[in-house]
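Residue strings, one per chain:
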Amino acid sequence: MRRNISKLTLLRCSNCGSDLRGLSTDVIFYCSECGRCWISGERLSPVSIEFVRMGDSDSVFLPFWKIDASVNIRNRISRKKSSASGVGRFREFTGTERGLTESDAGSKKDRFIFPAFSTNLVLSTGVRMHSENFLPEKTEHGKRFSVIGGSVGRDDAVLLTRAVAVGVEVNRADYLASVDLDIEVHAAGIYAIGCTPEKNVLKINGSEIGILYAAINDSDEIIKQNQDFSD
Ligand SMILES: [Zn+2]
């Protein structure tokens, strides 16, 4: 099973002592011997992992963050499409101005899922996964699988969650003028989601979403490592 590949970083599982496989930029490490998942920092900390949408034999598991958070919207202002003509004149928003409505202030619980691997499409992918209401059909038994490429740590994941939450607001059907929100993370875990390598994209199994290889750092290496493991 072990291969001599220079890009692999070797750490040891704090639970069973097995080697943890990952790329040199990885911070998320899955132990395929005992099924624990770790995030490296000053030391290895445990993080929950679930395997979903295994797919067929071509599939590889890529790591995604699954963040449960409260989204606290302090202020959200939308406008009617027809009110765009007021541009250029300074006007103070009073809440009663024609065409502008203030709405939806308050807190709501929500789940955000977005890539934990390095891609410059992380926000748009997160917004699309949110609008798809992405849920697993069932979780798979994870031992003996490989999950390579998780380079987005927990702190960055929290920042990205807020960015995705803003993206979700922008993406709604009204015409957003401004939104001010913050988030409070209640739980952060990893979804290892089956993805199928296609011609130009890595397709998320059971989804319409494909992520361009060109947008994924180390896409060749991530897919190769994960496929090698399942051979
Ligand atoms: Zn282990």
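Now for a quick tour of the structure. (Residues numbered from 1 in each chain as written. Predicted model: local features only at pLDDT ≥ 70, side-chain atom pairs only at ≥ 80, totals over all residues. Heavy atoms only, no water.)

## What about the coordination of the zinc ion?
Note the threshold: Coordination shells were defined by N, O and S atoms within 2.8 Å of each metal, extended to 3.2 Å for Na, K and Ca; water is absent from the atom set, which can make sites look incomplete. Here a site with four donors is tetrahedral if all angles are between 85 and 135 degrees, and a site with four or six donors is square planar or octahedral if opposite donors are over 155 degrees apart and the other angles are between 65 and 115; anything else gets the irregular label. Secondary structure elements are taken from DSSP: a helix is a run of H or I of four residues or more, a strand is a run of E of two residues or more, and numbering for both begins at the N terminus. Throughout, exposure labels follow a simple rule: accessible area from a 1.4 Å probe, protein chains only, divided by the maximum for the residue type, with under 20% read as buried, over 50% as exposed, and the rest as partly exposed.
All of the protein donors around the zinc ion are Cys 13 (SG), Cys 16 (SG), Cys 31 (SG) and Cys 34 (SG); their distances to the metal are 2.2 to 2.3 Å. One can describe the site at the zinc ion as tetrahedral: its 4 donor atoms subtend angles covering 103 to 115° at the metal. Linear spacing of the donor residues for the zinc ion on their chain is C-x2-C-x14-C-x2-C. Taken together, the residues span a long stretch of sequence, with Cys 13 in the loop between β1 (8–12) and β2 (19–23) and Cys 34 in the loop between β3 (28–30) and β4 (37–40) at a distance of 21 residues. Owing to a relative accessible area of 23%, Cys 34 belongs among the partly exposed residues under this scheme.

## Remarks on the sheet that holds strand β5 (residues 44–47)
We count it as follows: Strands are labelled as partners when DSSP assigns at least two bridges between them. Lines fitted to C-alpha atoms define the axes here, with helix axes fitted over just the stretch in contact, and angles between the N-to-C directions of these axes take values from 0 to 180 degrees.
On the basis of which strands lie adjacent, the open sheet formed by 3 strands has the order β3-β4-β5 and antiparallel pairing. Strand pairing shows two members of the sheet lacking a second neighbour, β3 and β5, which therefore form its edges. Recorded for the sheet is a direction-independent mean angle of 35° between the axes of neighbouring strands. The pairing of β3 with β4 spans 3 bridges and is classified as antiparallel.

## Quick notes on helix α2 (residues 154–171)
To keep it simple, the criterion reads: How far a helix is expected to stretch is found by multiplying one less than its residue total by 1.5 Å. When checking whether two residues touch, look at their non-hydrogen atoms; a contact exists if any pair is within 4.5 Å.
When the terminal C-alpha atoms of α2 are compared, their 25 Å separation across 18 residues agrees well with the 26 Å that a helix rising 1.5 Å per residue should span. Every buried residue belonging to α2 is among Ala 157, Leu 160, Thr 161, Val 164, Ala 165, Gly 167, Val 168 and Glu 169, and all of these are buried. Where α2 is buried, its residues contact β7 (60–79), β9 (106–115), α1 (122–131) and β11 (175–197).

## Overview of α1
Among all positions of α1, only Val 122, Thr 125, Gly 126, Val 127 and Met 129 are buried. Looking at the packing, one finds that the buried side of α1 touches β7, β9, α2, β11, β12 (201–204) and β13 (210–212). Positioned one or two residues after α1, Asn 133 has a phi angle of 55°, which is positive.

## A closer look at the pattern of salt bridges
Using the following cut-off: In the sections that follow, a salt bridge refers to a side-chain nitrogen of Lys or Arg positioned within 4 Å of a carboxyl oxygen of Asp or Glu.
For the structure shown, the criterion picks out 7 salt bridges. Asp 19 serves as the salt-bridge partner of Arg 12, at 2.5 Å between the closest nitrogen and oxygen. With relative accessibility at 21%, the residue Asp 19 sits in the partly exposed group. Residue Glu 169 pairs with Arg 76 through a salt bridge whose shortest N-O separation is 2.4 Å. Of this pair, Glu 169 sits in helix α2 while Arg 76 sits in strand β7, and the two are 93 residues apart along the sequence.

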